[in-house]
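Residue strings, one per chain:
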Amino acid sequence: MTWIGEEIILENATLGERVVERTHASGATVAFCRKPGYLRRYACFSTRFGSVDDRYRINGGPEVLLPDGVAHFLEHKMFEGPEEDAFVQFSRMGASANAFTSFVGTTYLFSCVDGFFPCLDHLVRFVQQPHFTTENVEKEKGIIGQEIRMYADNPGWRVYFNLLAGLYKNHPVAKDIAGTEQTIAGITPQMLDRCWSTFYHPSNMILLAVADEDQETFFEAAGRLLSEQDLGPAPAVEKILTEEPAAPAQQQVRQQMQVGRSKVLLGWKDLHPGIGGRDLMRKELVTEVMLECVFGQSGPLFEELYRKDLIDDSFATSYQIHSDVGHSATGGDSADPDRLIDVIREEVGNIRKVGIDPVDIERQRRSAIGYLLRAFNSLDHIAGSYCGTRFLDGDPFEVVDLLAEITTKEVEERLQEHLIPDQMSSSIVTS
Amino acid sequence: MTRAGTSGWSDFESSEIAPGASLHIRQESRRKTSRLRVSWIHNMGPDAAQNCLVPSCLMRGSRSFPSLREISRRSEELWGLGIGGSIDRAGQLQIVTINAEFAEDSRLPGGETLLSDAVEFIREVILQPHLVEGCFDEDTVSSEVSQHRRCIEGRFDDKRSWAMQRCIEETCHGEPWRFHEYGTIESLEQATAESVTADWKKSIGSAPMHVHFSGEARSDSLTEILLPLFDGHDQKTATLADRFPRKGAGEVRELEEHFHGQQANLVISFRTSTGHGDPLQESMMIASGVIGGFPHSRLFTQVREKQSLCYSVNSLFDGSSGLLLVNAGIDGDTATRTRESILEQIDVVKRGEFSAEEFQMTLDAWDSRLRMTQDSPASLAEFDLVSRLVGRDPTIDGLRERVSCVTRDGVIEAANRLETDLIYLLSPEDDQREDVQ
């Protein structure tokens, strides 16, 4: 039997998108989204193993603690085969391939115009055939060391990770995804092998195609590929969450480095243990609408900050969920980061006293539909949105219904409970 | 691998609305949004910064929506219409653009329509800005000068891009390629409310102008809707400078500069003596691909994967200036070794010691890249515009055809035209370490 359980169809008429999802006998989630007329074909194979998964136990055994940067290191090493690099085989087929590690997952992907199915074969096979040797693991440390230094010289990256360090006291989300040159120094082939066996079991993975291909041909190919290797029953992995206090770790983190423009971010910490699926998506959407009303370009604050020359076009706001924690962040480049923080702190206090105008919320509902229509043109966005929401047991298209459902009261309550000084930290990078 | 057939998707249909003003329309039924791009073309020079202020001042308010906030509110009401300015280049020319993207009428709930309102809004932003006594508001101009100054200063924050720009500046003394499209702070400081207003009038009145539209709407009614975008264009179009000749390399030079940081950036510039309009142009594109354009290329497989000398390494060929740049993010201590390794790989290509497979993979990768472009109206519009400006056939299929005709001997011939010009290193100071509190 190739497939188990019921087929799930996720769709939305406004967005004009439909994803068909099946569960393979190995436990893998396999999904297909057809994009008629697009020449580019895209597929990804994602595992729920990211940088925050640093502690776990199997079958109630002893706790395993991983050094920072293992998930990212594993991502690099998966491309290395016994004969040649997986990239080269993709190139031979005219495809381009890539991979990325986030806080909560690792994704391998390719895009091509011709030869979609041979590329799909290669994607599934190389991610399921690790090849770790002492020599190739040691060699990778030099390459990743340069990647770490590249990000260390990127002030936008630094201001963001310093904000996370300011917000989170214990949680691994505060650590750099690639680790440090010191933490990766101790990584061994055996450690990578254990991580792969634990977290790359098909039951922990999603295989998704966004392509103008025949749906049943895709499921037939995916079913066959996932049946090639019997990895046995899924290991009983218990990810150990790190207890995190509600208050930020530090009020402010400052870093001095040579920059052309000073960078600043303000963040408000949020915890949501035990929430998932629709409830978490609703919370995310309500928060995003609230943030747009407070910090967006159509609000009173943005124009005031812009006129005072405290911000520029780079000023942006987002709400991010990572595992059981999350935060709102706002900021960008600024000529006077300290003053910007003071003004925002004061103005957010004023906005909380006045509240949000329901007219603004209505306008944001309308605007968000346009944003979603733009975003769902992109194959990469569809894949990112699908995998991101499925990792949280959500439905990527439900956002349209939720947009219609959310109330002014909810948005107002979110403003009052979330943007409070006690939950705030800030990060500044300046020369 | 199928190559050089037609991609099946149409190119832009172009018409000249007035001398120097062209409308390019492409019907696109696969997407949920329409895209509109309005661009004005200027000669690149030291005063490029002043042109950059025009789109940013336009985004600060129009006659009916006289503030940034009102403009933003109107954009949101128009179903989240995205609008913004951008500055790009095509060789020695600067491209100043207003871009917009908005939902297709067919996608909107309740039978609402948007196209006419969206174009009218964009037209007003461009042609009827908020003026005070006939000029942009002084505070607005002064604030945008300050914003753009920081934009220029902020270029340093992307070290790779900064190192590449510094290498070009030092390679191309006396050539227009050395100018950055954002211009210089010195010229920015000359800007006044009067001068920016004059630049705006000059742009909409006499700068060569291109409007690209891609969307579901049929071209007969669409042309009528888009024509008012050309209202400000008069019959006298400014002339653009003649194409600057491409130079060869002199003696190989070396330059090292320092910054406070952790990773060194090595950039090597090569003169290729080829480019747009030259029969070897496509062969040089493929030669650059074999050297360092893709993960199968020699710089990635040999310098990065075999020797672990870097994380990022690639080569880039610019058909306008005729420069090929190789860049790598490296440990400063290995700069000499990395440089030797890069030059060795280029010699391998010059000697023709690359495999038939490497050659074929590069042809296929380029073909695939070009075909994928056809899914992106923004990339297609850019390709179309840049092609027209540099004198290249503006069809993707035309370029695919020329690339498919490149031979292995052509790649070897192109590689042998590479002359090293400048070896530039941006390296960390010895005594620095990051300081986090």
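Residues numbered from 1 in each chain as written. Chains lettered and ligands numbered in written order. Predicted model: local features only at pLDDT ≥ 70, side-chain atom pairs only at ≥ 80, totals over all residues. Heavy atoms only, no water.

A.B. asks: An account of the interface of chain B and chain A is needed here, citing residue identities and associated values.
C.D. replies: Facing 66 residues of chain B, the contacting portion of chain A comprises 70 residues. For the chain B and chain A pair, buried surface summed over both sides reaches about 6,200 Å², with 50% attributable to carbon and sulfur atoms. Summed over the shared surface of chain B and chain A, the number is ten salt bridges. A:Glu17 is the partner of B:Lys32 in a salt bridge, and the nearest nitrogen-oxygen pair spans 2.6 Å. Inspection of the chain B/chain A interface yields 39 residue pairs in polar contact (both at pLDDT 80 or more). For the side of chain B that touches chain A, the elements supplying multiple residues, two or more each, are α2 (68-77), β5 (93-103), α4 (138-153), α10 (298-306), β11 (310-318), β12 (323-330), α12 (356-373) and β14 (435-436) of chain B. Tallying contributions element by element places α4(B) first for the side of chain B that touches chain A, with seven residues. Its residues placed into classes, the side of chain B that touches chain A shows 18 nonpolar, 23 polar and 25 charged. (Contact = heavy atoms within 4.5 Å. Buried area = accessible area lost by both parts, 1.4 Å probe. Salt bridge = Lys/Arg side-chain N within 4 Å of Asp/Glu carboxyl O. Polar contact = N/O pair within 3.5 Å; in protein donor to acceptor, adjacent residues only side chain to side chain. Helix = DSSP H or I, 4+ residues; strand = E, 2+ residues; numbered from the N terminus. Nonpolar A, V, L, I, M, F, W, Y, C, P; charged D, E, K, R; others polar.)

A.B. asks: Pulling in residues and values, what's your account of the domain arrangement of chain A?
C.D. replies: All names here are of chain A. Domain parsing of chain A yields domain 1 (3-239) and domain 2 (252-430). Distance between the C-alpha centres of domain 1 and domain 2: 28 Å. The partner domain 2 presents 43 residues to the 46 residues of domain 1 that form the contact. Roughly 3,600 Å² of surface becomes buried between domain 1 and domain 2 when both sides are summed, with 73% attributable to carbon and sulfur atoms. Linking domain 1 with domain 2 are two salt bridges, by the criterion used here. Run the count over domain 1 and domain 2 and you get twelve residue pairs in polar contact (both at pLDDT 80 or more). Secondary-structure elements contributing two or more residues to the side of domain 1 that touches domain 2 are β1 (3-12), β2 (17-24), β3 (29-34), β4 (41-47), α5 (155-167) and β9 (205-211). By residue number, the principal contributor to the side of domain 1 that touches domain 2 is α5, which donates ten residues. The residue makeup of the side of domain 1 that touches domain 2, split by class, is 24 nonpolar, eleven polar and eleven charged. (Domains from an automatic or database assignment.)

A.B. asks: Quick rundown of the domain arrangement of chain B? Include the residues and the values.
C.D. replies: All names here are of chain B. Annotation of chain B at the domain level lists domain 1 (13-230) and domain 2 (253-428). Taken residue by residue, the interface counts 32 residues in domain 1 and 33 residues in domain 2. For the pairing of domain 1 and domain 2, the buried interface totals around 2,700 Å² over both sides, and the portion due to carbon and sulfur atoms is 67%. Run the count over domain 1 and domain 2 and you get three salt bridges. The closest approach of N and O atoms between Asp375 and Arg30, which form a salt bridge, is 2.7 Å.

A.B. asks: Run through the environment of A:Val88, naming residues and quoting values.
C.D. replies: Within the secondary structure layout, A:Val88 lies in helix α2 (residues 86-92). Look past the residues within four positions of A:Val88 in its chain and what remains in contact with it is B:Thr301 and B:Met361.

A.B. asks: Which residues make up the packing of helix α9 (residues 281-292) of chain B against α12(B), and what are the values?
C.D. replies: Residue and element names in this part refer to chain B. Axis separation between α9 and α12 bottoms out at 9 Å; the angle between their running directions is 115°. In terms of their interaxial angle, α9 and α12 are classed as roughly perpendicular. Viewed along their axes, α9 and α12 form a crossing whose handedness is right-handed. Listed contacts from α12 to Met285, Ile286, Gly289 and Val290 of α9 are Glu358, Phe359, Thr362, Leu363 and Trp366. Classifying every residue of the contact of α9 with α12 gives six nonpolar, two polar and one charged. (Axes fitted to C-alpha atoms, helices over the stretch in contact; angles between N-to-C directions. Parallel < 35°, antiparallel > 145°, perpendicular 65-115°, else oblique. Left-handed = near helix turned anticlockwise from the far one by under 90°.)

A.B. asks: Lay out the pattern of salt bridges with the relevant residues and their values.
C.D. replies: The final tally for this structure, using the stated rule, is 78 salt bridges over all chains. Put simply, A:Arg125 and A:Glu228 hold a salt bridge, and the shortest N to O gap is 2.5 Å. A residue pair is termed long-range when its members are at least 10 positions apart, and A:Arg125 in helix α3 (residues 116-127) and A:Glu228 in the loop between α8 (215-227) and β10 (237-239) qualify at 103 residues. With a closest N to O distance of 3.2 Å, B:Glu305 and A:Lys139 form a salt bridge. In this pair, B:Glu305 sits in helix α10 while A:Lys139 sits in helix α4 (residues 134-152), so the two residues belong to two different chains. Here the salt bridges share partners, and the residues they tie into one network are A:Lys77, A:Glu80, A:Lys139, A:Glu140, B:Arg304 and B:Glu305.

A.B. asks: Account for the sheet that holds strand β8 (residues 209-215) of chain B, with residues named and values stated.
C.D. replies: Residues and elements named next belong to chain B. Spatially, the six strands line up as an open sheet ordered β1-β2-β8-β3-β5-β4, and their pairing is mixed. For this open sheet the edge positions go to β1 (13-18) and β4 (82-90), each flanked by a neighbour on one side alone. Strand-to-strand twist across the sheet, computed as the mean angle between neighbouring axes with direction ignored, equals 20°. (Pairing = 2+ DSSP bridges.)

A.B. asks: Give me the lowdown on the sheet that holds strand β10 (residues 264-271) of chain B, citing residues and values where you can.
C.D. replies: All names here are of chain B. What the five strands build is an open sheet, ordered β9-β13-β10-β12-β11; its pairing is mixed. Edge strands, defined here as strands with exactly one partner in the open sheet, are β9 (253-259) and β11. Shown here is a sheet whose adjacent strand axes are inclined to one another by a mean of 15°, direction ignored. Of the strand pairs in this sheet, β9 and strand β13 (residues 419-428) are connected by seven bridges, and their pairing is parallel. Residue pairing across strands places Leu255 opposite Tyr424, the latter belonging to β13. The strands touched by helix α11 (residues 335-350) within the sheet are β9, β10, β12 and β13, with β10 carrying the most contacts at an inclination of about 35°.

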